[in-house]
Amino acid sequence: MSTLYPSPAETAAAKPKKTLVRRIAPDRSQQVRRAVQFAFLLLNAVIGVQFILWVRYFESLGSSHYFGRPAGVDGWLPIAGLMNLRYFLATRQIPAIHPSAMVLVCVFLLASLVVKKAFCSWLCPVGTVSEYLWKLGRKLFRRNVAVPKWLDVALRSLKYILLAFFLYIVFTMPVQDLGDFLASPFGIVADVKMLNFFRYLGTVGIIVIAAFVVLSVFIQNFWCRFLCPYGALMGIVSALSPVKIRRDAEACIDCGKCNKACPSHLPVDMLVQVRSVECTGCMECIAVCPAENALQMALPPRTAGETRAARWRSRTLKPQMVAVVLAVVFFGLIGAARLTGHWQTNISRDIYMQLVPNAENFDH
Ligand code: SF4
Ligand code: SF4
C-alpha cells in the first residue's frame, strides 16, 4: 500500500550519494597524542618517585639521601590549587604554601580555554590509564558496555554535582580561614597525607579502587565521564574555546565512523561543530574519518569568499600544533612561576622535619 510519507529507508535511498574524496595524508593524531600522554605519564612517575624519596628523608629523620621536593606533586592537590586561586583572587597575593597547585590549575584552565578539554585526553595520567583500560576491555571482549542513554545522562551529571560541591566549599569559605587552613600543619603536609592515603590503603580503599579499575575496563572512561570534578571544570571552561571539532557537511559522506569512534559518545556526524563540554579534543573521530577535509579540529571559519580548502588550511589545528600549544602553556606558565619565585612551597627543612614524620597526626 502506498503512503503519502516516505519511509526512512526510502528517504535514505532518495538522498543523492556523496562521492568520497579519500584522504591522502595519513592521520598522525593518535600517535602524537599517545606520545604526549606517555611523556606526561613518565613525568608524573618521576615526580612521584622523587616525592617518595623526599618524604623518606624526613621519615628516616635525615639519615637517607636528601632529594628536593618536586613542586609538580601539587598537581595532585586540585582542591589546594582552587583554594590558592581563590585566595589570590581575593587578596592579590600568591600564597607561599603549594603555590604550584594554583599555577597548575591555571595551566590546565588556560589549556582548556585554548584547545578544548585536551587536558583530559592528552595530559591527565588518570585519563591515560582510564583510556587504556577500556581499550584493553575492548580488546579482550571485543566491545565495551553501552550504558543506556538515560543512565549515561544521569551518571554524567554526578561530576558536575561534585564540582559544584567543591566550588561551594572553596568559594564560600572566608578568605582569612582559607589562608589559615593552607598555612596550618594539615595544609602544609596535605601532599604527604595524600601519599599516605595510597601507601596505607585500607580494605575499603582497595575495594573502591579495584571497582573503578574493573568498571573502567568495561565502560569507556568510567571515572572521567561520570565522576571527575576536575574534568567537569575543564569541560565548562572549554566551552569558551574557539577551537572546536568542525565537520564540513559537503565533504562528509555520512559514513558515521566518527560517531562510533567518539569515546564521549557524541553524535559527531550530525553536527557542524562539536560544542559539547564532553568533547576532550582526543581527535579519535578525525583519525577514523575517511574523507579529505571532512572533519578537523579548527578555529571558526573566517570570511565567506575563501574556498573551502583554503579555509580549512588556514584554520585547522594539526595534532602537532595541539602538542606545541600544550607545551607552550605548560612550560610557559611554570617557567614564569619559577622565575618569579612562585613555584616552590616556602617552608624550611627544619619545619618539614617536624611535620612530615607526624603527618597522620594532623587533622583539619
Ligand atoms: S568529538 Fe572527536 S575529539 Fe571530541 S571527544 Fe569525540 S572523538 Fe574526541
Ligand atoms: S567519519 Fe564522520 S565526518 Fe568523516 S565522512 Fe564519516 S560521517 Fe562524515
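Residues numbered from 1 in each chain as written. Chains lettered and ligands numbered in written order. Predicted model: local features only at pLDDT ≥ 70, side-chain atom pairs only at ≥ 80, totals over all residues. Heavy atoms only, no water.

Asks: In this structure, what is going on with the sheet that holds strand E3 (residues 295-298)? I would like to understand it.
Replies: In a beta sheet, neighbouring strands pair by backbone hydrogen bonds and run either parallel or antiparallel. Read from one edge of the open sheet, three strands run E2-E1-E3, paired in antiparallel fashion. The open sheet has two free edges, formed respectively by strand E2 (273-274) and E3, since each of these has just one partner strand. For strand E1 (residues 244-247) and E3, the ladder comprises four bridges, and the chain directions are antiparallel. When the bridges of E3 are listed, isoleucine 245 appears paired with methionine 297. (Pairing = 2+ DSSP bridges. Helix = DSSP H or I, 4+ residues; strand = E, 2+ residues; numbered from the N terminus.)

Asks: For this particular structure, what's the right way to read the domain arrangement of the protein chain?
Replies: The assigned domain composition of the protein chain is domain 1 (19-27 + 243-321) and domain 2 (37-238 + 323-361). One C-alpha centre belongs to domain 1, the other to domain 2; they are set 31 Å apart. At the interface, 20 residues of domain 1 touch 23 residues of domain 2. For the pair domain 1 and domain 2, the two sides together bury roughly 1,700 Å², of which 47% comes from carbon and sulfur. It is Val277, Glu278 and Thr280 in domain 1 that bury the most area against domain 2; as a group they hold 31% of the surface buried on that side. Seen at the junction of domain 1 and domain 2, the total is two salt bridges. The salt bridge partner of glutamate 278 is lysine 159, with a shortest N-O separation of 3.0 Å. Summed over the shared surface of domain 1 and domain 2, the result is 13 residue pairs in polar contact (both at pLDDT 80 or more). For the side of domain 1 that touches domain 2, the element with the highest residue contribution is helix H17 (residues 319-339), accounting for three residues. Here the residues of the side of domain 1 that touches domain 2 sort into 10 nonpolar, six polar and four charged. (Domains from an automatic or database assignment. Contact = heavy atoms within 4.5 Å. Buried area = accessible area lost by both parts, 1.4 Å probe. Salt bridge = Lys/Arg side-chain N within 4 Å of Asp/Glu carboxyl O. Polar contact = N/O pair within 3.5 Å; in protein donor to acceptor, adjacent residues only side chain to side chain. Nonpolar A, V, L, I, M, F, W, Y, C, P; charged D, E, K, R; others polar.)

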